[in-house]
Amino acid sequence: MIEPQSELANSMGKFRPILLTLAESMISPALRGNLEASDLVQQTFLEAHRNADQLAATGERPVFAWLRKALRHNFLDAVKHLKAQKNDSRRTLRCSEMAASFHPIEQFFAADGTSPSQFAQRNEQIALMLAAIQELPPNQGNAIILKHLLGHSLKEVACALQLSEDATAGLLHRGRQQLAQRLKKAGHE
Amino acid sequence: MSDFFDDQYELPDDELADSHLAELERAAEQRREFDQAIEPTCIEQEHLRYFSFIEGLASPIRTAISQMASPPTLPDYGPLEEVGYGGMGAVYRASNHKTNRIDAIKIIRPDRIACGSQETILQLRRRFQRECQLAARVSHEHIVPIYQVGEVDGFTWFSMQYVAGPNLHERSGRKDISLVELVRCIVCIVRAIDAVHRCGVLHGDIKPQNILFDQATGRPMLSDFGLAELTSELNGNQNGIAGTFAYMAPELIEAMRSHRTREDFAAVRSIASDIFSLGATLGSVLPTRSMDLLVTSPALGTEDAEKRREQLRNHISFHADPALARICLKCLADEPCARYATANQLADDLASWLDRPRWNQYFPSLRYLLCFVVAPGLALGGLSVWLLQGGEHEIAIWIAMFVGYVPLYAALWASQRVHRDSERARRELWSIWLGHGVASVASMTAIRIQNEGDLSRSIAQFYPTCAAISSIAFFAKSGNFWFGYRWIGVAWAAAAIVLAIANPFSPVLFGIFAAITCIAIALGDSAFADDQGRNL
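Residues numbered from 1 in each chain as written. Chains lettered and ligands numbered in written order. Predicted model: local features only at pLDDT ≥ 70, side-chain atom pairs only at ≥ 80, totals over all residues.

Enquirer: Can you help me understand the overall build of chain A in this one?
Expert: From N to C terminus, chain A includes ten helices and zero strands. Along chain A, from the amino end to the carboxyl end, the secondary structure elements read α-α-α-α-α-α-α-α-α-α. A separation threshold of at least 6 residues defines the contact pool for chain A, and within that pool the share at least 24 residues apart is 61%. (Helix = DSSP H or I, 4+ residues; strand = E, 2+ residues; numbered from the N terminus. Contact = placed C-beta atoms within 7 Å.)

Enquirer: What am I meant to see in the overall build of chain B here?
Expert: Helix and strand content of chain B: 21 helices and nine strands. The burial tally for chain B puts 40% of its 536 residues in the buried class. The long-range fraction of contacts in chain B, counting pairs at least 24 apart against all pairs at least 6 apart in sequence, stands at 66%. (Buried ≥ 20, exposed ≤ 12 C-beta atoms within 10 Å, placed from the backbone.)

Enquirer: Quick question: what am I supposed to make of helix H18 (residues 423-451) of chain B here?
Expert: Think of an α-helix as 3.6 residues a turn; residues three or four steps apart then line up on the same face. Residues and elements named next belong to chain B. Over its 29 residues, H18 runs 42 Å from end to end, which matches the ideal 42 Å to within 8%, given 1.5 Å per residue. If you check which residues of H18 are buried, you get Leu429, Ser440 and Met444. Count one or two residues on from H18 and you reach Glu452, which has phi positive near 45°. (Expected span 1.5 Å × (residues − 1).)

Enquirer: What is the right way to look at the environment of Ile143 of chain B in this model?
Expert: Residues and elements named next belong to chain B. You can see Ile143 is positioned in the loop between helix H4 (118-137) and strand S4 (146-152). Assessed through the 21 C-beta atoms surrounding it within 10 Å, Ile143 is described here as buried. Spatially, the C-alpha atom of Ile143 lies 9.2 Å from that of Val196, the residues being 53 residues apart in sequence. Excluding residues that lie within four positions of it along the chain, Ile143 makes contacts with Val138, Ala192, Met221 and Leu222.

Enquirer: So what exactly am I meant to see when it comes to the pairing of strand S3 (residues 101-108) of chain B here?
Expert: Successive residues of a regular strand alternate their side chains across the two faces of the sheet. All names here are of chain B. Counting buried positions along S3 yields six of eight residues, so the element is predominantly enclosed. Between the antiparallel neighbours strand S2 (residues 89-96) and S3 lie four residues, among them Asn100 with a positive phi of about 55°. The sheet contact formed by S3 and strand S5 (residues 155-161) spans five bridges and is antiparallel. Looking at S5, one finds that Ala104 is bridged to Met160. (Pairing = 2+ DSSP bridges.)

Enquirer: When you look at the packing of helix H6 (residues 179-198) of chain B against helix H13 (residues 343-355) of chain B in this model, what are you seeing that I'm missing?
Expert: The description of two packed helices rests on the angle between their axes and on the distance between the axes. Residues and elements named next belong to chain B. Where H6 contacts H13, the axes come no closer than 8 Å and their chain directions differ by 160°. Comparing their axes, H13 and H6 come out roughly antiparallel. Here the hand of the crossing between H6 and H13 comes out left-handed. Seen from H6, the contacting residues are Val180, Val183, Arg184, Ile186, Val187, Val190, Arg191, Ile193, Asp194 and His197; seen from H13, they are Ala343, Asn344, Leu346, Ala347, Leu350, Ala351, Trp353 and Leu354. Classifying every residue of the contact of H6 with H13 gives 13 nonpolar, two polar and three charged. (Axes fitted to C-alpha atoms, helices over the stretch in contact; angles between N-to-C directions. Parallel < 35°, antiparallel > 145°, perpendicular 65-115°, else oblique. Left-handed = near helix turned anticlockwise from the far one by under 90°. Nonpolar A, V, L, I, M, F, W, Y, C, P; charged D, E, K, R; others polar.)

Enquirer: In this structure, what is going on with the pairing of S2 of chain B? I would like to understand it.
Expert: Taken together, the eight bridges between S2 of chain B and S3 of chain B define a ladder with antiparallel strand orientation. Looking at the pairing, Ala94 of chain B lines up with Asp103 of chain B of S3 of chain B.

Enquirer: Explain the confidence of the model for chain B here, please?
Expert: As a general rule, the predicted coordinates of low-pLDDT regions are not to be interpreted in detail. All names here are of chain B. Looking at chain B as a whole, the pLDDT averages 77, with 76% of positions reaching at least 70. For chain B, helix H10 (residues 290-295) is the element with the lowest average pLDDT, namely 43, and helix H20 (residues 485-501) is the one with the highest, namely 92. Scored below 50 in pLDDT, residues 1-14 makes 13 contacts in the model with residues more than four places away or belonging to other chains. The low-confidence segment residues 289-302 (pLDDT under 50) makes 37 contacts with residues lying over four places distant or belonging to another chain. Under the prediction, the complex receives an ipTM of 0.70, its pTM being 0.59. (pLDDT = per-residue confidence, 0-100.)

Enquirer: Teacher, can you tell me more about unusual backbone geometry here?
Expert: Residues and elements named next belong to chain B. Of note in the backbone geometry, Asn100 takes a positive phi value of approximately 55° without being a glycine. Secondary-structure assignment places Asn100 in the loop between S2 and S3. Residues other than glycine seldom take positive phi values, yet Asp224 does so here, at roughly 65°. Residue classification places Asp224 among the buried positions, given that 23 C-beta atoms sit within 10 Å.

Enquirer: Mind showing me how you'd approach helix H15 (residues 366-388) of chain B here?
Expert: Residues and elements named next belong to chain B. Its 23 residues give H15 an end-to-end C-alpha distance of 31 Å, which sits within 8% of 33 Å, the value for a rise of 1.5 Å per residue. The largest bend in H15 is about 30°, located at Val374, with the proline Pro376 one to four residues further on. Among all positions of H15, only Arg367, Leu370, Val374, Ala375, Leu378, Gly381, Gly382, Ser384, Val385 and Trp386 are buried. (Bend = angle between axes of the 7 residues up to and from the residue.)

Enquirer: Looking at this model, I keep getting lost on the environment of Ile488 of chain B. Mind explaining?
Expert: Residue and element names in this part refer to chain B. Position of Ile488 relative to the elements: it lies in helix H20. Residues Ile488 and Ala520, spaced 32 residues apart in sequence, show a C-alpha to C-alpha distance of 8.7 Å. Filtering out sequence-adjacent residues up to four positions away, Ile488 remains in contact with Phe474, Thr517 and Ala520.

Enquirer: Just to check I follow, could you spell out the confidence of the model for chain A for this structure?
Expert: Here chain A shows a mean pLDDT of 72. Residues at 70 or above account for 70%. Note on residues 111-116 of chain A: pLDDT under 50 across the span, and four contacts to partners over four residues away in sequence or across chains.

Structural data, given as structure tokens:
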């Protein structure tokens, strides 16, 4: 019983940075300050520990799927809670719509044995990238999330980070360099 | 992507300056927007490699996240079906319950609202409302009309005519459309832009992607007033620094690079910058690689942007018909004052290019007829005059002198019967050559009367006079037809002097000059080109 539990702890440690980046990407700048990505992930892991017995019996992949689903629920609950508090604003974030349309991320990661190996390999790289973003200095990581995961322009990223465009471009370039280096290292391990 | 994981791949040691990185970052954003084939220079390569690598991994996640926000439900409209999106707005197609018609609906991109900061959202709303107002202000048969403007759930939206056809960029890539048809479409758009300017509005984002073809009528329609601005309110510029590099006037790129304040950018925006965009759009539909050149010129530095513009101009001069290239290059002039003052002037020049005669349509292989039949005929005419001038056959001499007009007038007369296109140009040609014929006959008659019995002296005096008349005729033609006619006019003026000196060989020399002129016109004037009208 002890063996699978520690394996589960290992897996969760591995998935933590990935989930953090995903959570940060979901939380729009308008919601920042009200929602914390780390709180969402923490809550998700607490729930995972509560269900440790069930999860430990499954493999690594189902654990990841379970964690993502739990993260989604926690995120939607948090948004619902916020909406109840501030009824006037955030009307564009409709929970029902989100719940219905959240499945693309689920589908995207749901590469099982039947999927082509290239797809699986790509998902692996994406997961590695999401994890590696957490290892970057906070400003670099934020810049990368805003630019590449939220699709903001250089100007918007600079505005959100309250930096000059030149400095933001420097952050982004160095962030991408770091990410590529980390992915390269991970590819060899 | 795989070479990132190779042992050989090393991170470069040298650091790029932040300002340079910012330029590269914007250039990379432009590339993402247009999804063009990328041929980066050495300087860009390293930056672009990282950008594409991370972008490639991140884009599926971004798409999934952006799909979390869906469009609102609009009153009177059925479910919205996305047909495209730009930097600010998304365009949907939906059926109107009341009119039972399919309309296009433009709304601020839901993901922009979901992911943007409060300030960004406010700015987006302001820009979007402005777009509605300015687009509704102009009414023209080649501008997509606005039907209805509304607001729902905090989203401003407007409905407009749904233009289902391809855009000019896609259309020009196909082989089933001739250059003449494409230029005809551009003329319509240029007239529409003129109407926009007359309403005191600058479009600010003219590019082939914003020119759509109506599937039912085939009419080109101008759309997207997202960056439009009132000329009277340029100082309070709402849009800030925006546009598409590839079609942006050099003064705007310069303002963007050096000052980067809204005021500076607005100060240099003018009708001339729209004219430049029209020229770049025209250049992009010419059968050259100008589009690739333009899109892959992110303007890394002043010298670089200038070099690439020069490269584009060379391509246009080399590949396009000289008259069309001249029009295009006038739009692409570096100095705003050197460009067309109004869009209407550009439209007029393009229309006169379209109206120029295309003789090959009426007489296939007219070029060969000119080179191998008419030119030798003219030379032989001169030779016969020279041989006959000592004898007593004055009528035969007169016939040999003026027989060259017969094929010319026959061609002009026949073209009128075959096709009524380019009527204006044909009338001009008729006037010029009829005048030439009448003036020649009149001058020979006058000279003959003056010299009484001396025919040889009359002939010697006639040919320099006729050469001078030809010089005038070719100068007159150089204005609206081939530019080379100006040089032919100069050559004939010189020939008038040579012929006066070369007596008694002036008839032979005149015949040779006429034959050379005939061959030069057949080879140089695009009106005689074999593939005219299909592809240049």
